[in-house]
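# Coordinates in review
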Amino acid sequence: RRLMVFFVPRGTLVYQLVAEWPQGFPRYAQVAEWMVAGLRFTEPRALRLVRGEALLFPNSPDALARLGLALLEQGEGPAAAEALQAAVRGAPAIVPYRVALARALLVSGEIDRACEASGAALTYSPDDAQALEADARCELARGHPRKALERLGQARVAAPGDERLREAESKLRATLPEFR
C-alpha cells in the first residue's frame, strides 16, 4: 500500500511525501488513515479546483483567468493580478481578462497599473460596458469623479438595462455639488 501527499501552497509544489508500508504491518495503514482523516482544507473547494486546473494547464489563458477571478472573489488581489496578467499575456485580445486585471490591480492598490489595464481594455473594445466601468473606477481612484461619471454614463449607454451601473451613476452624481 502507498500513500502520496502533495504539499502545494498557493500553486507551487513544495514537496511530495510518499509513504509505503508492507502488508504485514496493518498498524501503518491505521496511522495513515488517521492522518488522512485529520486533513482540513481551509480554502473553498471552487478555488482548489481552479488552482488544480491552472497547475494541469499552466499556459492556458482560460485556466489562469478562472484562477484570477476566483482569487479576486476571495479578496486576494495581488495573487489574482498575477494570474490575470499571465492570462492577458496569453490572450491579449480578450477584453474581460483585461477588465478583471484592472479590477484586481485596483483591489491591490496599484492604481496606475489598473488604469493602464482598463485603458488597454478600452483600446480593444471602446464600447464595452465592463471596460468603461473599470475605467470609471480608475478615474474615481485617481480623484477625478467627473471623468468617472462621464465613463459611467458611457457604460450605461452601452448597457442600458444594467441596474448596477445606473445605481453607481446615481450615487456618484449625488456626491458632486453641481448635481445636488
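My aim in this report is to walk through the structure given alongside it, one point at a time. (Residues numbered from 1 in each chain as written. Predicted model: local features only at pLDDT ≥ 70, side-chain atom pairs only at ≥ 80, totals over all residues. Heavy atoms only, no water.)

## Overview of the nonpolar core
Filter applied, for reference: For the purposes of this section, nonpolar cores are sets of buried Ala, Val, Leu, Ile, Met, Phe, Trp, Tyr and Cys residues that join through side-chain atoms within 4.5 Å. Only protein chains enter the calculation, and the probe is 1.4 Å; a residue is then buried if its accessible area is under 20% of its type maximum, exposed if over 50%, and partly exposed in between. Segments assigned H or I by DSSP are reported as helices when at least four residues long, segments assigned E as strands when at least two residues long, and all are numbered from the N terminus. The contact rule is simple, with two residues in contact once any of their heavy atoms fall within 4.5 Å.
In this structure, L67 and L101 are the most contacted members of the largest nonpolar core, which totals 45 residues. Counting residues per element, the ones that place at least two in this core are α2 (45-56), α3 (61-73), α4 (77-90), α5 (95-107), α6 (111-124), α7 (129-141), α8 (145-158) and α9 (163-175). Broken down by element, this core gets its largest block of residues, nine residues, from α5. If near-sequence neighbours (up to four positions away) are discounted, L101 is found in contact with A81, L84, Q85, V88 and A117.

## Some remarks on the packing of α4 against α5
Which entries qualify depends on this criterion: Lines fitted to C-alpha atoms define the axes, with helix axes restricted to the stretch in contact, and inter-axis angles between N-to-C directions lie between 0 and 180 degrees. Note on angle classes: values under 35 degrees are labelled roughly parallel, values over 145 roughly antiparallel, values of 65 to 115 roughly perpendicular, and the remainder oblique. Crossing chirality is assigned from the near helix's rotation relative to the far helix, an anticlockwise turn below a right angle marking it left-handed and a clockwise turn marking it right-handed.
For the pair α4 and α5, interaxial distance at closest approach is 8 Å and the crossing angle is 155°. With respect to α5, the element α4 is oriented roughly antiparallel. With respect to the hand of their crossing, α4 and α5 are arranged in left-handed fashion. Together, G77, A80, A81, L84, Q85, A87 and V88 of α4 and Y97, R98, A100, L101, A104, L105 and V107 of α5 make up the contact between the two elements.

## Brief notes about the environment of T175
Keep this limit in mind: Nitrogen and oxygen atoms within 3.5 Å of one another constitute a polar contact, given that in protein one can donate a hydrogen and the other can accept it, and given that sequence-neighbouring residues count only through two side-chain atoms.
Within the element layout of this structure, T175 appears in helix α9. Taking the C-alpha atoms as reference points, T175 and P145, separated by 30 residues in sequence, lie 8.8 Å from one another. In this structure the side chain of T175 is engaged in a polar contact, spanning 2.6 Å, whose partner is the backbone oxygen of L172.

## So, the pattern of salt bridges
Let me state the cut-off plainly: When a carboxyl oxygen of Asp or Glu lies within 4 Å of a side-chain nitrogen of Lys or Arg, that pair is called a salt bridge.
Scanning the model with the defined rule gives twelve salt bridges in all. For E133, the salt bridge is made with R137, and the minimal N-O distance between the two is 3.0 Å. Remark: R137 and E133 occur in helix α7; sequence separation between them is four residues, near one turn of the helix. For E133, a relative accessible area of 8% gives the class buried. Residue class for R137 comes out partly exposed when judged on its relative accessible area of 45%.

## Regarding α7
Where we set the bar: By this rule the span expected of a helix is its residue count minus one, scaled by 1.5 Å.
The terminal C-alpha atoms of α7, which comprises 13 residues, lie 18 Å apart, in line with the 18 Å expected from a rise of 1.5 Å per residue. The elements touched by buried residues of α7 are α5, α6, α8 and α9.

## Re the packing of α6 against α7
Threshold: Residue polarity is assigned by list, with Asp, Glu, Lys and Arg as charged and Ala, Val, Leu, Ile, Met, Phe, Trp, Tyr, Cys and Pro as nonpolar; anything else, Gly included, falls into the polar class.
Interhelical geometry of α6 versus α7 gives an angle of 150° and a closest axis separation of 9 Å. If you check the angle between α6 and α7, you find them roughly antiparallel. Crossing handedness for the pair α6 and α7: left-handed. Taking contact as the criterion, the partners of I111, A114, C115, S118, G119, A121 and L122 in α6 are, on α7, A131, L132, A134, D135, C138 and A141. Its residues assigned to classes, the contact of α6 with α7 comprises ten nonpolar, two polar and one charged.

## Re the environment of G52
Structurally, G52 is set in helix α2. Here G52 falls in the partly exposed class, since its relative accessible area comes to 26%. Each C-alpha atom, one on G52 and one on L67, is 9.2 Å from the other, the two residues being 15 residues apart in sequence.

Geometry only, nothing functional implied.
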